[in-house]
Amino acid sequence: MKKIHLISTVIFACICLHVSAQNKKKAKPVYPSYTGLVMAGYQGWFAAEGDDSQRGWYHYQGRGRVFAPGNTNVDMWPDIREYKKTYKSPFKFTDGRDAYLYSPYDEESVDLHFKWMKEYGIDGVHMQRFVGEIKNPSGKRHFNQVLANALKAAKKYGRAISVMYDLSGCRSEDIALVAADWKELVETFKLTNPSVNPTYLWHRGKPMMTIWGVGFNDRRRYTIADVDAVVDQLKSPENNVSIMLGVPYYWSSLGRDTEPSETLHTLIKKADIVMPWAVGRYNSKTFDPSVVAADIAWSAANGVDYVPLIFSGFSWGNMHHDPKIYHQIPRLKGDFFWQQVAAAKQAGAKSLYIAMFDEIDEGTAIFKVANEKDTPLNGDKGLRFIGIEDDLPTDHYLWLTGQAAAWFHGKPGYGAKRPQR
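Novice: Would you mind showing me how to read unusual backbone geometry here?
Specialist: Only a minority of non-glycine residues have a phi that is not negative, and only a minority of peptide bonds are not trans. The omega angle of the peptide bond from A355 to M356 is -10°, so this bond is cis rather than trans. Mapped onto the elements of the fold, M356 is located in the loop between strand 12 (352–355) and helix 10 (396–408). Here K190, not a glycine, exhibits a phi torsion of approximately 55°, which is positive. Tracing the backbone through its elements, the reader meets K190 in the loop between helix 5 (177–189) and strand 6 (202–203). Its relative accessible area of 42% is what places K190 among the partly exposed residues.

This is the structure in structure tokens:
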């Protein structure tokens, strides 16, 4: 009798293992396509004195790696009220209170950001991965930890997530790191396994990743050919990925900010998606919707998907110690943001890339940022912090991005006029 019971137990266990294996085989990505999604870029490059990254006030700091009143690279100050873990900064408010900041190295902070994405209906984020940083142990350790935090939060809140390599500051010899690092991430985090990372973004039947920064005419120390070689490697059966390329804004005409070489178009045709970098290229008065329409036409004719970039505004007074360039591209309470959203939608765009979720350095952040009246003092040389307009809630741009997502998801009632809360 015991023998029969033992045999039955073994058979049952085998059946369970078989079913489990079958379920794993059947696991499919929650987000099989970028089409229809509104996603933001996520820098995650900040660190705080006292966190476990051991990088000090990284990316908050200014010249000479000093973070102090009158010396910081950030123009905006995060609305810190909902963070579970914060760090006292060298800055103070007018009433003498200490000003605090967060670190994305902490799991709690990244969890909060993804919680906001879900609450406001934003589909997810592209995790920035700076090649110039990950070639150094401290940078790689930082971005691996932030990615680990984000993957966990993306799964928890059901948000799409993908990896985006930024080539800024690279030399030709650095470009090969992209393929090697991608392979390592796939092995370490099981990125492309839907059973482990069900919300990792796929596109055209393959896991998606982005390479940003090809074709710009700003004297970069790598070439289109360098990027072409790594794209071929990533497109090989060994890697088999879907690739989004981040290119200059005037890429389709090979004008202005773009290297005037047809080799860029040849490379783009190898990719799955093209995403032009619009930040700083126009303001509300100079924005030309016909550029988006021309991009869409080129993409359709050449079998490449197209994702336009939308940004809320631009400011970099503190980075350059120049008060004249605060609010260099005004937000206009979201009218500028919505002007771009409406133009993209009406031109036939299917998806959006929002720059950026947490970019307070250049004032494009859409996450909760303090109102201007609630920012700390920044020295005595005419420098300050800008913020969300004082008559708006600090979540205004999260909400507005969520409205854009609702429109691109097919919800009716939207048009050229910015929606009102």
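Back to the write-up after that little detour.
Novice: I would appreciate a short explanation of the packing of aromatic side chains in the present structure.
Specialist: Centre distance and the angle of the planes are the two values used to describe a pair of aromatic rings. A full pass over the atoms with the stated rule returns 32 aromatic pairs. Relative to F130, the ring of W45 lies with its centre 4.9 Å away and its plane at 20°, an arrangement referred to as stacked. With W45 in the loop between strand 1 (38–42) and strand 2 (87–92) and F130 in strand 4 (residues 124–130), this residue pair connects regions lying 85 residues apart in the sequence. A relative accessible area of 9% places F130 in the buried class. Between F357 and F367, the aromatic rings sit 5.7 Å apart at their centres with planes inclined by 55°, giving tilted as the arrangement. Placement of F357 in the loop between strand 12 and helix 10 and of F367 in the loop between strand 12 and helix 10 is noted, with a sequence separation of 10 residues between them.

Novice: Would you explain the packing of helix 6 (residues 224–235) against helix 7 (residues 262–270) in this entry?
Specialist: Geometrically, a packed helix pair is captured by the angle between its two axes and the distance between the axes. The geometry of helix 6 relative to helix 7 is characterised by a closest axis approach of 10 Å and an angle of 15° between their N-to-C directions. Taken together, the axes of helix 6 and helix 7 are roughly parallel relative to one another. Considering only the axes of helix 6 and helix 7, their crossing is left-handed. Every residue of helix 7 that contacts helix 6 at I224, V227, D228, V231, D232 and K235 is listed here: T263, L264, L267 and K270. Taken together, the residues that form the contact of helix 6 with helix 7 break down as five nonpolar, one polar and four charged.

Novice: Where do I start with the side chain of T210 in this structure?
Specialist: Mapped onto the secondary structure, T210 falls in strand 7 (residues 206–212). Once residues within four sequence positions are removed from consideration, T210 is found in contact with H126, V163, M164, Y165 and M244.

Novice: Could you clarify how one ought to interpret the pattern of salt bridges in this entry?
Specialist: Pairing between side chains of opposite charge can happen when the charged atoms of each approach one another. A full pass over the atoms with the stated rule returns 26 salt bridges. The partner of R220 in a salt bridge is D218, and the shortest N-O contact between them spans 3.0 Å. When its relative accessible area of 24% is taken as the criterion, R220 is described as partly exposed. Note on D218: relative accessible area 42%, which makes it partly exposed. With its nearest N and O atoms 2.8 Å apart, the salt bridge here joins R421 to D395. Of this pair, R421 sits in the segment after helix 10 while D395 sits in the loop between strand 12 and helix 10, and the two are 26 residues apart along the sequence. The exposure class of R421 is exposed, given its relative accessible area of 55%. Here the residues in one salt-bridge network are R204, K235, D272 and D305, joined through shared partners.

Rules used in this analysis
Numbering of residues starts from 1 in each chain and follows the order in which that chain's sequence is written. For a predicted model such as this one, the threshold for reporting local features is a pLDDT of at least 70, and the threshold for listing and counting side-chain atom pairs is 80 or more; totals across whole chains, interfaces and linings nevertheless cover every residue. Water and hydrogen atoms were dropped before computing side-chain values, which therefore reflect all heavy atoms in the structure. For helices the rule is a DSSP run of H or I covering at least 4 residues; for strands it is a run of E covering at least 2, with both sets numbered from the N terminus onward. The rule is simple: take the accessible area with a 1.4 Å probe, protein chains only, and divide by the maximum for that residue type; under 20% is buried, over 50% is exposed, in between is partly exposed. Under the pairing criterion, centres of Phe, Tyr and Trp rings, with the six-membered ring standing for Trp, must be within 6.5 Å; the plane angle then separates stacked pairs below 30 degrees from edge-to-face pairs above 60, leaving the rest tilted. To get an axis, a line is fitted to the C-alpha atoms, and for a helix only the part in contact is used. The angle between two axes follows their N-to-C directions and goes from 0 to 180 degrees. Roughly parallel means an angle under 35 degrees; roughly antiparallel means over 145; roughly perpendicular covers 65 to 115; every other angle is labelled oblique. Each crossing gets its handedness from the near helix: less than a right angle anticlockwise from the far helix is left-handed, clockwise is right-handed. Contacts are assigned to residue pairs with any non-hydrogen atoms lying within 4.5 Å of each other. Gly falls in the polar group here, along with every residue not listed as nonpolar (Ala, Val, Leu, Ile, Met, Phe, Trp, Tyr, Cys, Pro) or charged (Asp, Glu, Lys, Arg). A pair is scored as a salt bridge if a Lys or Arg side-chain nitrogen falls within 4 Å of a carboxyl oxygen belonging to Asp or Glu.

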